[in-house]
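Analysis of the macromolecular model
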Amino acid sequence: YWQDNMTICDCGIGTAAFSLAFAQTINPTTHITGVDISPGMLKIAHQKLSQANVNHQICQSDVRRLPFADECFDGVISAHVLEHLPNPEQGLKEIVRVLRPGAPLILAVTQSNLIGRLIQWRWGNRCFSQKELSELMYKAGLIDIQYFPLPVGLTRLMSFVYIGFRS
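Heads up: these notes are all about the structure in this document.

Definitions and limits used
- The residue numbers shown here count from 1 along each chain, following its written sequence.
- Local features in a predicted model are, by the rule used here, given only for residues with pLDDT of at least 70; side-chain atom pairs are given and counted only at 80 or more, and totals for whole chains, interfaces and linings are based on all residues.
- No hydrogens and no water enter the side-chain calculation; it runs on all heavy atoms of the structure.
- Only the six-membered ring of Trp is used, alongside the rings of Phe and Tyr, when aromatic pairs are assigned; centres must lie within 6.5 Å, and planes under 30 degrees apart are stacked while those over 60 apart are edge-to-face, with the rest tilted.
- A 1.4 Å probe rolled over the protein chains alone gives each residue an accessible area, and that area as a share of the maximum for its type sets the label: buried under 20%, exposed over 50%, partly exposed in between.
- Paired strands are those between which DSSP finds at least two bridges.
- In this text, helices come from DSSP runs of H or I with a minimum length of four residues, and strands from runs of E with a minimum of two, each type numbered from the N-terminal end.
- Only the stretch in contact is used when fitting a helix axis, every axis being a line fitted to C-alpha atoms; angles between N-to-C directions are given from 0 to 180 degrees.
- Nonpolar cores are built from buried Ala, Val, Leu, Ile, Met, Phe, Trp, Tyr and Cys residues. Side-chain atoms within 4.5 Å join them into one set.
- Contact definition: two residues touch when any of their heavy atoms are within 4.5 Å.

1. Quick look at the packing of aromatic side chains
This model, assessed by the stated rule, comprises four aromatic pairs. With a centroid separation of 5.1 Å and an interplanar angle of 90 degrees, the aromatic rings of Phe68 and Phe73 are classed as edge-to-face. Here Phe160 and Tyr162 contribute two aromatic rings whose centre-to-centre distance is 5.6 Å and whose plane-to-plane angle is 80 degrees, an arrangement assigned as edge-to-face. On the basis of relative accessibility, which here comes to 7%, the residue Tyr162 falls in the buried class. Through pairs of rings, three or more aromatic residues link up here, namely Tyr147, Phe160 and Tyr162.

Written as structure tokens, this is what we have:
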């Protein structure tokens, strides 16, 4: 599925870690559109993507109101964004809106376990169980939802990843 010159939206790009990993391991010809509400994060993301020669643009926006046409991206990636939204279902529906039919959404979230609850207590964000996230993804119009464990280590204890495809 990962063709040359794909357009990927990174919703909540932060420091661009997820975008860099995607471009460097899955598809180096990808064009990344990074969205974040924080100008500071966008500046860091722009610097890191430029240094890595990743084709990109950045956009300051709230992921709950993306400034893009319906069905305009070949894929969306998003890490640790849903946890911060007051209404994750609404945010996820907006993210899915910009996906082309059949296009993937790769979503990383904080696990609902002891470490996740400590993060939740410290930072005020929510956590998700695998069942809860997969149900949210189905409600938002995604199909063929699959769980991907992260590599061994602290990240695996804190987070998990799901991929789903727009119906």
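2. Brief notes about the sheet that holds strand β1 (residues 7–11)
Strand order in the open sheet formed by seven strands is β3-β2-β1-β4-β5-β7-β6, and the pairing between neighbours is mixed. The strands lining the two open edges of the sheet, one partner per strand, are β3 (56–60) and β6 (142–148). In this sheet, adjacent strand axes meet at a mean angle of 20 degrees when their direction is disregarded. Pairing geometry for β1 and strand β4 (residues 75–79), over three bridges, is parallel. From the neighbouring strand, Ile8 faces β4, where its bridge partner is Gly75.

3. Examining the nonpolar core
Ranked by size, the top nonpolar core spans 30 residues in total, and within it Phe68, Val76, Leu92, Leu105, Leu107, Leu133 and Met137 carry the most contacts. Non-local contacts of Leu92, meaning those with residues more than four positions away in its chain, are made with Leu82, Leu105, Leu107, Leu136, Met137 and Ala140. Core analysis: the second largest hydrophobic core is formed by 18 residues, Leu20, Ile32, Leu42 and Ala45 among them.

4. Some words on the pairing of strand β7 (residues 159–166)
Most of β7 sits out of view: seven of its eight residues are buried. As judged from the seven bridges shared by strand β5 (residues 104–110) and β7, these two strands associate in the antiparallel manner. What sits directly across from Leu107, in β7, is Tyr162. Sheet topology note: the β6/β7 ladder contains five bridges and is antiparallel. Bridging from a neighbouring strand, Gln146 pairs with Ile163 of β7.

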